[in-house]
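The chain contents come next:
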2 protein chains.
Amino acid sequence: MATFGVVAIIGPGLIGGSIGLGLKARGLADRVVGVVRSDRSAERAVQAGVVDQTTQDLAAAAAEADLTIVCTPVADVPAHCQQVAAAARSGAIITDAGSTKERLVAEVDATLAGSGVKFVGSHPLAGDHKSGPESARAELLAGRVVVVTPTDQTDSQALSRVCELWTALGARVEPMSPVDHDAALARTSHAPHVIATALANATPEDLLGLTGGGWRDTTRVAAGSPTLWRDILLDNPQATLAALDAFSQQLGRLQQAIADHDRDAIYRCLEEGKLRRDALGS
Amino acid sequence: MATFGVVAIIGPGLIGGSIGLGLKARGLADRVVGVVRSDRSAERAVQAGVVDQTTQDLAAAAAEADLTIVCTPVADVPAHCQQVAAAARSGAIITDAGSTKERLVAEVDATLAGSGVKFVGSHPLAGDHKSGPESARAELLAGRVVVVTPTDQTDSQALSRVCELWTALGARVEPMSPVDHDAALARTSHAPHVIATALANATPEDLLGLTGGGWRDTTRVAAGSPTLWRDILLDNPQATLAALDAFSQQLGRLQQAIADHDRDAIYRCLEEGKLRRDALGS
């Protein structure tokens, strides 16, 4: 496979850094440039070895990049794509790693229309409660799913190229519309984050010493960045609220069964949950 | 330290088996006898090496045991304690590993009153979605909390001895009343299990391929045994429902903030959750 040429990664943290490491480990890029906002971030990215070089000049990096991957929080992605497109040469490709897609892709599509720079929305399902380039791993995407969200405006060659990128990093590509992506992720990621947070918030601090592995697992994602998750929830409110309603219905079913002391109904709920969970593996 | 003599473990699965391994590894028992219900369970316990010998004759094991640890599901613990007490010599000690305590301890206290056999309720907070002697580890209790639940009827020497047992296995002992235990565990364990189950149930099967680490963590305990958890919920309904109400209040706060598109309120909820979760470590 031809390499992806010069690859710029805006925001080489956990996801961006893992992409950088994966590209380097597999010889998939001529050079990987990390775009950072501070000397401190540059130092961390270099120390973790996730990119070949860093710069704080987004436009300069974009100007020489064949492919730019925007790995900043979802609220910043459209502006960063616009800045990259303004500096990039015609034919350059941009993709992102944002957790929401409908608003983001519509905004970027509108901004980049007619620019000659080609955008494909992506979402690697590999987030973690850990963050930063120190947690990055070349194999982070191996075996994971990356959703790509083409629209009517998406260039088919750019789409193929971006799919090749994720496949080359070991991921499985799932194409979906931005709307379908947001509806699905509301159920599999955004609502679970809200639920984990509510459970953490509902647990009195003086009982933390009496928690076991169950509480730890169930609340783990609540340790994620509040800023990052606020922006995800602000970006996908309707689908998240619908997913929370579906959850509350199931919770209500269990509450009723417990209140009724209904052995069979409690068992059925628990058995369904176990079957659903076991279908996935640990 | 003098050893705990002959120790009988009724139900040498994950918890019972780990206690057996821990006693053997530390030379804390003269002999560890596993009481099982089937040839298959005997074979598994022996193969995992968690006890010195097995028997299906509970009375025979109880008759020679200085200490019996009942590690069967909560619905079975009172009957097993009664059977042990009927066979044990005067002065023998019984403890258990049940996840609920109020009903269980009251029942065992009533049954054993005046028998000369001494019961102390225990709950090692070391459950897992895995089960069976194959998953047992000598260090399972190291660094974990074991709640002991003395009552007016509890013999103080037996209490000391049972506390010594858990401490010798590396655990930290927390004494609480049975009622306080059930209220606390409703919040830290029983409600989280219900929440994880409801989330698993609310996730359509065709979306399982789009789950990431967040969904996996948040639903992990839903893979636990439906029978075991049904009996826990049937045993502690009021406290569990109260804990679920507290959770629903926090969930409602987040839902309202999302519906209102209230950046600050969403952020505050997420930040509180992160602080609470970070207080515990990963």
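Sequence order as written defines the numbering, with residues in each chain counted from 1. By the order in which they are written, chains take letters starting at A while ligands take numbers starting at 1. Restriction of local features to residues with pLDDT of at least 70 applies here, the model being predicted, together with a cutoff of 80 or more for giving and counting side-chain atom pairs; totals for whole chains, interfaces and linings are based on all residues. Side-chain descriptors were evaluated using all non-hydrogen atoms of the structure, hydrogens and water having been removed beforehand.

Colleague: Before we go on, may I ask you to explain the side chain of Ser122(A) in this structure?
Modeller: By the secondary structure assignment, Ser122(A) is in strand β7 (residues 122–124). Using a relative accessible area of 0% as the deciding quantity, one classes Ser122(A) as buried. We count a stretch as a helix when DSSP gives it H or I for four or more residues in a row; a strand needs E for two or more, and each element gets its number in order from the N terminus. Working definition: with a 1.4 Å probe on protein chains only, accessible area under 20% of the residue-type maximum means buried, over 50% means exposed, and in between means partly exposed.

Colleague: Help me out: how do you make sense of the environment of Ser38(B) in this one?
Modeller: Residues and elements named next belong to chain B. Its location among the elements puts Ser38 in the loop between β2 (31–35) and α2 (39–48). The exposure class assigned to Ser38 is partly exposed, which follows from its relative accessible area of 26%. Separated by 17 residues in sequence, Ser38 and Thr55 have C-alpha atoms that sit 9.1 Å apart. For the purposes of these results, a polar contact is taken to be a pair of N or O atoms within 3.5 Å, where, inside protein, one atom must be able to donate a hydrogen and its partner to accept one; residues adjacent in sequence count only when each atom of the pair is a side-chain atom. Within the structure, Ser38 has its side chain in polar contact with the backbone nitrogen of Ser41 (distance 3.0 Å).

Colleague: Whenever I open this one, empty space enclosed by the protein confuses me. Can you help?
Modeller: Gaps between atoms show up when a probe of the same size as a water molecule is rolled over them. Note on definitions: the grid is 1 Å and covers protein atoms alone; a cavity is a set of points where a 1.4 Å probe fits but cannot get out; a pocket is an open set with protein on both sides within 12 Å along at least five of seven lines; lining residues have an atom within 4 Å of a point. Grid points are joined across faces, edges and corners, and a volume is the space filled by probe spheres set on the points. One pass over the full model with this rule turns up 2 cavities of 30 Å³ or more. A volume near 40 Å³ is recorded for the largest cavity. Residue lining of the largest cavity: Leu199(A), Ala202(A), Thr203(A), Arg187(B), Ala191(B), Ile195(B), Ala243(B), Ala246(B) and Phe247(B), and that is the complete set. Elements supplying a minimum of two residues to the lining of the largest cavity: α7 (178–202) of chain A together with α7 (178–202) and α10 (237–259) of chain B.

Colleague: Please clarify how the domain arrangement of chain A should be interpreted in this entry.
Modeller: Where interface size is quoted, it is often the accessible area lost as the parts come together. Residue and element names in this part refer to chain A. What the domain assignment reports for chain A is domain 1 (6–176) and domain 2 (180–278). For the domain bounds, the source is a domain assignment made automatically or taken from a database. Averaged C-alpha coordinates put domain 1 and domain 2 at centres separated by 30 Å. Two residues form a contact once any of their heavy atoms are found within 4.5 Å. On the domain 2 side, the residues contacting the 13 residues of domain 1 number 13 residues. For any pair of parts, buried area is found by adding up, for both, the accessible area (1.4 Å probe) each one loses once the two are put together. Here domain 1 packs against domain 2, burying approximately 1200 Å² in sum over the two surfaces, 69% of which is carbon and sulfur. When the buried area of domain 1 at its contact with domain 2 is split by residue, Thr100, His129 and Met176 rank highest and sum to 43% of it. The rule for a salt bridge is simple: a side-chain nitrogen of Lys or Arg has to be within 4 Å of a carboxyl oxygen of Asp or Glu. Joining domain 1 to domain 2, the criterion identifies 1 salt bridge. Its salt-bridge partner being Asp235, residue Arg103 comes within 2.3 Å of it at the nearest N-O pair. Counting every contact that joins domain 1 to domain 2 gives 6 residue pairs in polar contact (both at pLDDT 80 or more).

Colleague: Help me understand the side chain of Arg220(A) in this model?
Modeller: As for its position among the elements, Arg220(A) is in the loop between α8 (213–219) and α9 (226–235). Once you skip the residues sitting within four places of it in the chain, Arg220(A) turns out to touch His129(A), Asp217(B), Arg220(B), Arg277(B) and Ser282(B).

Colleague: Before we go on, may I ask you to explain the relation of the copies chain B and chain A in this structure?
Modeller: Both copies of the chain are placed relative to one another by a rotation about an axis and a shift along it. If you rotate chain B by 180° and push it 0.0 Å along the axis, it lands on chain A with an RMSD of 0.0 Å. On the angle and the small slide along the axis, the relation comes out as a two-fold axis. Relative to the rotation axis, the C-alpha of Thr218(B) is the closest in chain B, positioned 1.9 Å from it. The residues that chain B uses at the interface reappear at the interface of chain A in 100% of cases, marking a shared surface. Here the copies are superposed with least squares, the fitted atoms being C-alpha atoms of residues at a pLDDT of at least 70 in both.

Colleague: In this structure, what is going on with the packing of aromatic side chains? I would like to understand it.
Modeller: The description of two aromatic rings rests on the distance between their centres and on the angle between their planes. Two aromatic rings, drawn from Phe, Tyr or Trp (for Trp, its six-membered ring), form a pair once their centres lie within 6.5 Å of each other, and the interplanar angle then sorts them: stacked below 30 degrees, edge-to-face above 60, tilted otherwise. Per the counting criterion, the structure on display carries 1 aromatic pair over all chains. Relative to Phe247(B), the ring of Phe247(A) has its centre 6.0 Å away and its plane inclined at 80°; by these criteria the two rings are edge-to-face. One end of the pair, Phe247(A), is in helix α10 (residues 237–259); the other, Phe247(B), is in helix α10, on a second chain. Phe247(B) shares its class with Phe247(A); the two are buried.

Colleague: What should I look at first to understand the interface of chain B and chain A in this one?
Modeller: With 80 residues of chain B at the interface, the matching set in chain A holds 80 residues. The junction of chain B with chain A conceals about 7500 Å² of combined surface from both sides, 68% of it contributed by carbon and sulfur atoms. The tally of links between chain B and chain A comes to 2 salt bridges. On the surface where chain B and chain A come into contact, there are 16 residue pairs in polar contact (both at pLDDT 80 or more). Throughout this entry, Asp, Glu, Lys and Arg are counted as charged residues, while Ala, Val, Leu, Ile, Met, Phe, Trp, Tyr, Cys and Pro are counted as nonpolar. The remaining residues, Gly among them, count as polar. Residues that form the side of chain B that touches chain A fall into these classes: 41 nonpolar, 21 polar and 18 charged.

Colleague: How should I be thinking about the sheet that holds strand β8 (residues 145–148) of chain B in this particular structure?
Modeller: The strands making up a sheet are joined through hydrogen bonds of the backbone, oriented either antiparallel or parallel. Residue and element names in this part refer to chain B. A pair of strands is labelled paired if DSSP reports no fewer than 2 bridges between them. Pairing within the open sheet is mixed, and its 3 strands lie in the order β7-β8-β9. The outermost strands of the open sheet, each flanked by one partner alone, are β7 (122–124) and β9 (172–175). The mean inter-strand angle of the sheet, taken between neighbouring strand axes irrespective of direction, is 20°. Of the strands in this sheet, β7, β8 and β9 are in contact with helix α6 (residues 156–168), which crosses β8 at around 170°. A fitted line through C-alpha atoms represents every axis, and for helices the fit uses only the stretch in contact; the resulting angles, taken between N-to-C directions, go from 0 to 180 degrees.

Colleague: Quick question: what am I supposed to make of the pairing of strand β5 (residues 93–96) of chain B here?
Modeller: Sheet faces and side chains relate simply in a regular strand, where the side chains alternate between the two faces. Residues and elements named next belong to chain B. By the alternation rule, side chains of β5 split into Ile93 and Thr95 and Ile94 and Asp96, which are all buried. Where strand β4 (residues 67–70) and β5 come together, 4 bridges link them in parallel fashion. Residue pairing for β5: Leu67 is matched across the bridge by Ile93. Read from β4 through helix α4 (residues 77–87) to β5, the crossover connection turns out right-handed. Looking at chain direction, β5 and strand β6 (residues 118–120) are connected through 3 bridges and run parallel. Across the sheet, the residue bridging to Thr95 is Val120, located in β6. By convention, a crossover is right-handed whenever its connection, traced from the first strand over the helix to the second and viewed with the strands pointing away, goes clockwise. Taken together, β5, helix α5 (residues 102–112) and β6 constitute a β-α-β crossover, and its handedness is right-handed.

Colleague: Would you explain the pattern of salt bridges in this entry?
Modeller: What the rule picks out here adds up to 34 salt bridges over all chains. Within the structure, one salt-bridge network assembled from shared partners comprises Asp217(A), Arg220(A), Asp217(B) and Arg220(B).

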